[in-house]
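Residue-level structure breakdown
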Amino acid sequence: MGAGLLSPMRAGPVTKGGALVAAGARRAHSPRGVAQPHAPPHLSPPLPLPPPRPEVLFAAAAAAAMASRLLRVSAALRLLPAASARVAPARCLAVPGGLASDEEQATGLERKVLEAMNKGLDPYSMFRPKRYAGTKEDPNLVPSISNKRIVGCVCEEDNSCVVWFWLHQGEAQRCPSCGAHYKLIPHELPH
């Protein structure tokens, strides 16, 4: 292509011999030597496409074969009587169309904790402690995994301060403020 001519990919004015030439004003030479106007780019004949690559042809053929196989199999399955058709296995974990509950999908330590809670046990001391009289004969039982534990006692029901003290394993001990009895008992973790 000569200098100053407009390529089909570029739009806009070009220079030819130093003068500005509009895109529609160009002329092409015909075989007879008579000047013919150029056709605008949108009316020019389409360029021939390059031949498709072999891998594209193979992928298209494979997709067509897969689609026809799928249609043949689905048509054959529709012709079978309902009694001989395979039934999908029912899901035993949950209600059909629903989600599995926590008990159905729990595993490992979580399953052990849920089973213990269903039996009424409190594996991590999550429940409210049982109320005791707090006397020497019926002390408040405090579980611990070691041989001592810090205990807080709210001595009066409407009191806003907590009296903290160390409770050691062995005999029941009294709160230094109100005299309520507490006894440390060993506690094993579930794992």
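What this report covers is the structure whose coordinates are included nearby. The residue numbers shown here count from 1 along each chain, following its written sequence. Confidence filtering applies because this is a predicted model: local features only for residues at pLDDT of at least 70, side-chain atom pairs given and counted only at 80 or more, and all residues used for totals across whole chains, interfaces and linings. To obtain the side-chain values, all non-hydrogen atoms of the structure were used and water was disregarded.

**Here's the deal with the overall build of the protein**
The helix count covers DSSP runs of H or I at least four residues long, the strand count covers runs of E at least two residues long, and both are numbered beginning at the N terminus. Across its full length, the protein carries 3 helices and 9 strands. For the exposure calls, accessible area comes from a 1.4 Å probe over protein chains only, and a residue counts as buried if that area is under 20% of its type's maximum, exposed if over 50%, partly exposed in between. Within the span of the protein, comprising 191 residues, buried residues form 14% of the whole. The contact criterion used is simple: two residues touch if any of their non-hydrogen atoms lie within 4.5 Å. Within the protein, residue pairs in contact and separated by at least 24 positions form 27% of the contacts whose partners lie at least 6 positions apart. Only the protein chains shown count as cover for residues, with accessible areas throughout obtained via the Shrake-Rupley method and a probe of 1.4 Å. Here the protein has roughly 16,000 Å² of accessible surface; of this, 61% comes from carbon and sulfur atoms.

**A short note on the nonpolar core**
Only buried Ala, Val, Leu, Ile, Met, Phe, Trp, Tyr and Cys residues count toward a nonpolar core, and they belong to the same one when joined by side-chain atoms within 4.5 Å. Formed by Val 142, Val 151, Cys 153, Phe 165, Leu 167, Cys 175, Ala 180, Tyr 182 and Leu 184, the largest nonpolar core amounts to 9 residues. Those elements that provide at least two residues to this core are β6 (148-153), β7 (163-168) and β9 (181-186).

**Points about a nonpolar patch on the surface**
Each patch is built from residues that are more than 30% exposed by relative accessible area and take part in no salt bridge. Like charges join if they lie within 9 Å; nonpolar side chains (Val, Leu, Ile, Met, Phe, Trp, Tyr) join within 5 Å. Salt bridge, as used here: a side-chain nitrogen of Lys or Arg that lies within 4 Å of a carboxyl oxygen of Asp or Glu. On the surface, a cluster of nonpolar side chains totalling about 530 Å² of accessible area is made up of Ile 150, Val 154, Val 162, Trp 164 and Trp 166. Mapped onto the elements, Trp 164 comes out in strand β7. Judged by relative accessible area, which is 59%, Trp 164 ranks as exposed.

In short, shape yes, function no, at least from these values alone.
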